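# Observations on the model geometry
As a plain string of letters, each chain reads:
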Amino acid sequence: MKRIAIIGGGISGLSAAFALEKHRLAGASLEYVLFESSPRLGGVLVTEHVDGCLVEAGPDSFLTEKAWASDLCREVGLGDQLIGSNDADRKTYILVKGRLALIPDGLMFMVPTKIAPTLLSPLFSIRTKLRMAREWFHPPRKAEADETVAAFVERHYGSEMVDRLADPLLSGVYGGEAAQLSVRAVLPRFAEMEATHGSLGRAMLAARKKIARASKAPPRPLFTSLINGMQQLVDAVVSRLTVSAILANSRVQRIQRRERGWMVSAGYASDHFDAVIMATPATVASELLRLTSVELASELAGIQYTSSITVNLGYDGSVRAALPPGFGFLVPRSEGKRMLAATFVHNKFPHRAPEDRALLRCFIGGARNEQILQAPDTEVIRVVREELHQIIGLTADPLFARVYRWEGAMAQYGVGHLERLQRIQGLLQQLPGVALAGNGYRGIGVPDCVRSGTDAANRAILALGLPEVTAQALTS
Ligand SMILES: Cc1cc2nc3c(=O)[nH]c(=O)nc-3n(C[C@H](O)[C@H](O)[C@H](O)COP(=O)(O)OP(=O)(O)OC[C@H]3O[C@@H](n4cnc5c(N)ncnc54)[C@H](O)[C@@H]3O)c2cc1C
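Since this is a predicted model, take the numbers as computed values, not measurements.

A separate point is the nonpolar core. Residues Met-110, Val-149, Phe-190, Ile-255, Met-278 and Leu-300 are the most contacted members of the largest nonpolar core, which totals 67 residues. Broken down by element, the residue count for this core peaks at 6 residues, all from helix α6 (residues 159-174). Among residues more than four places away in sequence, those in contact with Met-110 are Phe-152, Val-153, Tyr-157, Met-161, Leu-165, Phe-190 and Leu-200. Listed in part, the 45 residues of the second largest apolar core include Leu-20, Leu-233, Val-234 and Leu-464.

A word on the site of the ligand. The full set close to the ligand counts 35 residues, and Ser-12, Glu-36, Ser-61, Ile-444 and Val-446 are the nearest of them. Ser-61 places a polar main-chain atom, nitrogen or oxygen, 2.7 Å from a nitrogen atom of the ligand. Val-446 places a polar main-chain atom, nitrogen or oxygen, 2.8 Å from an oxygen atom of the ligand. Within the complex, 89% of the 1,000 Å² of free accessible area of the ligand lies under protein.

Another aspect to go through is helix α4 (residues 126-135). Buried within α4 are the following residues: Thr-128, Lys-129, Met-132 and Glu-135. All buried residues of α4 project into a common sector of 115° when viewed along the axis, lining one side. Relative to its buried face, α4 has exposed residues pointing more than 90 degrees away, namely Ile-126, Arg-127, Leu-130 and Arg-134. In the core, the buried residues of α4 are packed alongside β10 (111-112), α3 (115-120), α5 (149-157), α6 and α9 (200-214).

With 9 of 9 residues buried, strand β20 (residues 357-365) lies mostly within the body of the structure. Sheet analysis places strand β17 (residues 304-316) next to β20, joined by 9 bridges and oriented antiparallel. If you follow Leu-313 over to β20, its bridge partner there is Leu-360. Relative to β20, strand β19 (residues 339-344) runs antiparallel, the two sharing 5 bridges. Across the sheet, Thr-343 pairs through a bridge with Arg-361, a residue of β20.

Two numbers describe how helix α11 (residues 282-289) lies on helix α12 (residues 294-301): the axes approach to 8 Å, and their chain directions differ by 165°. One element, α11, and the other, α12, form an angle in the roughly antiparallel class. Relative to α12, α11 is oriented so that their crossing is left-handed. Mapping the contact onto sequence places Ala-282, Ala-285, Ser-286 and Leu-289 in α11 and Leu-296, Ala-297, Leu-300 and Ala-301 in α12. Its residues assigned to classes, the contact of α11 with α12 comprises 7 nonpolar, 1 polar and no charged.

A word on the environment of Ala-88. Structurally, the position occupied by Ala-88 is in the loop between β6 (82-84) and β7 (92-96). Owing to a relative accessible area of 80%, Ala-88 belongs among the exposed residues under this scheme. Along the backbone, Ala-88 and Arg-164 are 76 residues apart, and their C-alpha atoms lie at a distance of 24 Å.

What follows concerns the sheet that holds β17. An order of β8-β7-β18-β19-β20-β17-β21 is seen for the 7 strands of this open sheet, with the pairing classed as mixed. Both edges of this open sheet fall to β8 (99-102) and β21 (400-412), since each of them pairs with a single strand only. For this sheet, the mean angle separating the axes of adjacent strands, direction not counted, is 25°. Its contacts with the sheet place helix α15 (residues 377-392) against β7, β8, β17, β18 (328-330), β19, β20 and β21, and it is angled at close to 70° to β17.

The next point concerns α15. Over its 16 residues, α15 extends 22 Å from the first C-alpha to the last, a length consistent with the 22 Å expected when each residue adds 1.5 Å. Regarding α15, the residues found buried are Val-380, Ile-381, Val-383, Val-384, Glu-387, Leu-388 and Ile-391. Axial view of α15: buried residues confined to an arc of 160°, hence all on one face.

A full pass over the atoms with the stated rule returns 27 salt bridges. Measuring nitrogen to oxygen at the nearest pair gives 3.1 Å for the salt bridge that ties Lys-348 to Asp-60. With a gap of 288 residues between them, Lys-348 in helix α14 (residues 345-348) and Asp-60 in the loop between β4 (53-56) and β5 (62-63) connect regions that are remote in the sequence. Judged by its relative accessible area of 10%, Asp-60 is buried. Glu-160 is the salt-bridge partner of Arg-164, the closest N and O atoms lying 3.6 Å from each other. With Arg-164 and Glu-160 both in helix α6 and 4 residues apart, this pair spans about one turn of that helix. We classify Arg-164 as buried; its relative accessible area is 12%. Given the relative accessible area of 18%, Glu-160 is considered buried. One connected set of salt bridges, linked through shared partners, spans Arg-141, Glu-147, Arg-155 and Glu-194.

What counts as what
- Every chain begins its residue count from 1, and numbering advances along the sequence as written.
- In keeping with the model being predicted, local features are shown solely for residues with a pLDDT of at least 70 and side-chain atom pairs are shown and tallied solely at 80 or more, while totals for entire chains, interfaces and linings include all residues.
- Water and hydrogen atoms were dropped before computing side-chain values, which therefore reflect all heavy atoms in the structure.
- Definition of nonpolar core: a set of buried residues of the types Ala, Val, Leu, Ile, Met, Phe, Trp, Tyr and Cys, connected through side-chain atoms within 4.5 Å.
- For the exposure calls, accessible area comes from a 1.4 Å probe over protein chains only, and a residue counts as buried if that area is under 20% of its type's maximum, exposed if over 50%, partly exposed in between.
- What counts as a helix is a DSSP run of H or I of at least four residues, what counts as a strand is a run of E of at least two, and both are numbered from the N terminus.
- Any two residues whose heavy atoms approach within 4.5 Å are treated as being in contact.
- For this purpose, a residue is taken to be near a molecule or strand whenever a single non-hydrogen atom of the residue falls within 4 Å of it.
- Under this definition, polar contacts are N or O atom pairs within 3.5 Å; protein pairs additionally need one hydrogen-donor-capable and one acceptor-capable atom, and for neighbouring residues in sequence, both atoms have to be side-chain atoms.
- Surface accessibility follows the Shrake-Rupley procedure with a 1.4 Å probe radius. Residue values consider only the protein chains on display as shielding.
- Read the arc as the range of directions from the helix axis to the C-beta atoms.
- In this analysis, strands are considered paired if DSSP registers two or more bridges between them.
- Think of each axis as a best-fit line through the C-alpha atoms, taken over the contacting stretch in the case of a helix, with angles from 0 to 180 degrees between the N-to-C directions.
- Roughly parallel here means an angle under 35 degrees, roughly antiparallel means over 145, roughly perpendicular means 65 to 115, and every remaining angle is called oblique.
- In this scheme the crossing of two helices becomes right-handed for a clockwise turn of the near helix relative to the far one and left-handed for an anticlockwise turn of less than a right angle.
- Under the grouping applied here, Gly and all other residues not named as nonpolar or charged are polar, the nonpolar ones being Ala, Val, Leu, Ile, Met, Phe, Trp, Tyr, Cys and Pro and the charged ones Asp, Glu, Lys and Arg.
- Each residue after the first adds 1.5 Å to the expected span of a helix.
- What counts as a salt bridge is simple: a side-chain nitrogen of Lys or Arg found within 4 Å of a carboxyl oxygen of Asp or Glu.

Next up, the structure:
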């Protein structure tokens, strides 16, 4: 019987456990133990129900086009619970000089694919609009080395595009800055488009035409979630695992190499395993591996994380009627605000708030404003309310407010991240049975984390020489 430890019970660790459980049920001779330091499982996936509203403390959904999360939902019996975003109402605003400007129709991330809405948009100056026209003639370019997203976007569309779109969009996803993030790790498709087409505009149009020719199916919603929130996924996965294999309140303090396998220590207990899946932030993995490989620990420590706070505010129906239509707004750094973004949750998904309620979810923190993490809830709420007043004129008292802090939860893929991953891969070869999973490596979104956990489980199985189980056996 081979024994596998999983450290970390967020969605990455749970996905790894679920993959191992399937192998176990299909006859593989293995057992696993999942160590989670906190009393609850799910990591940053937390849903609460407040005053009839469904409040997401961490992620509220995932990108539909990355199928790994929806596939997992179906596998754990939640296929009929999946819901799509209300894309007919999808409008997002950017704060420009104190006013909300709509992101024009046809803008794909920062690439314009429709001329008229972009030309008429107050979001960009004439100068940037001229840059967009010139971009059409950008020559193909195979970059020798990685660069920041800011440098890449600036080369194509100028600095205003970095400030007004690239930076706020990336703050929303990574809590990070375009001037720090790696274009190859964060926008690999765009780097490829530049190499093959030169112009991102031409490349995007060509790709869209190809998709339109290949598929007659109606477009899918951009985001997918679950009727009862992201916690539903956590609960459903946990219900499929072996109960005795889950150790909550168990912070792993040490892992040590043994002649064969690994000794994992949590609290006063130590236990022997043949393989270890580390599904924690890379910073924690670095600490745990320090005694085993200084080099690997130092590479892992090089992956930076930022912190963020989500503030959920519930209001009555009069506020709902007065809010602008659409999904919410993003705030560029140049606007001098502390808020990064706000989502009008009641518009984004069905089943989130009763008709007579408005639910706003505001983001604050990120690389721009780490110190706000130290402020008490009352101060965080005060800042958010003050800025909501300035941005959308909202002065009403909320019916409820919920503040959730996520310290060091969002990985930042800096310039050279992919090369770092290669070095990590090389160093892991010297540690048979150790696999890494989580948002620090090849994607920060929930679907990427599901994939990373599943892949780590499969790598551990391979490393232990366990017989491969057929896909059919795994699903039956
Ligand atoms: C506020 C916020 C909003 C987000 N929004 C979205 C979104 O809308 N869509 C999307 O796709 N993604 C979103 N993300 C990103 C995504 O949710 C995360 O990247 C992903 O959930 C991370 O999962 P994980 O399991 O890798 O890490 P985590 O959820 O951080 O889990 C790691 C777990 O390891 C445990 N742990 C740490 N150290 C130890 C130890 N020594 N021993 C045992 N256990 C330990 C922790 O307690 C934790 O439970 C968001 C993230 C945040 C923070």
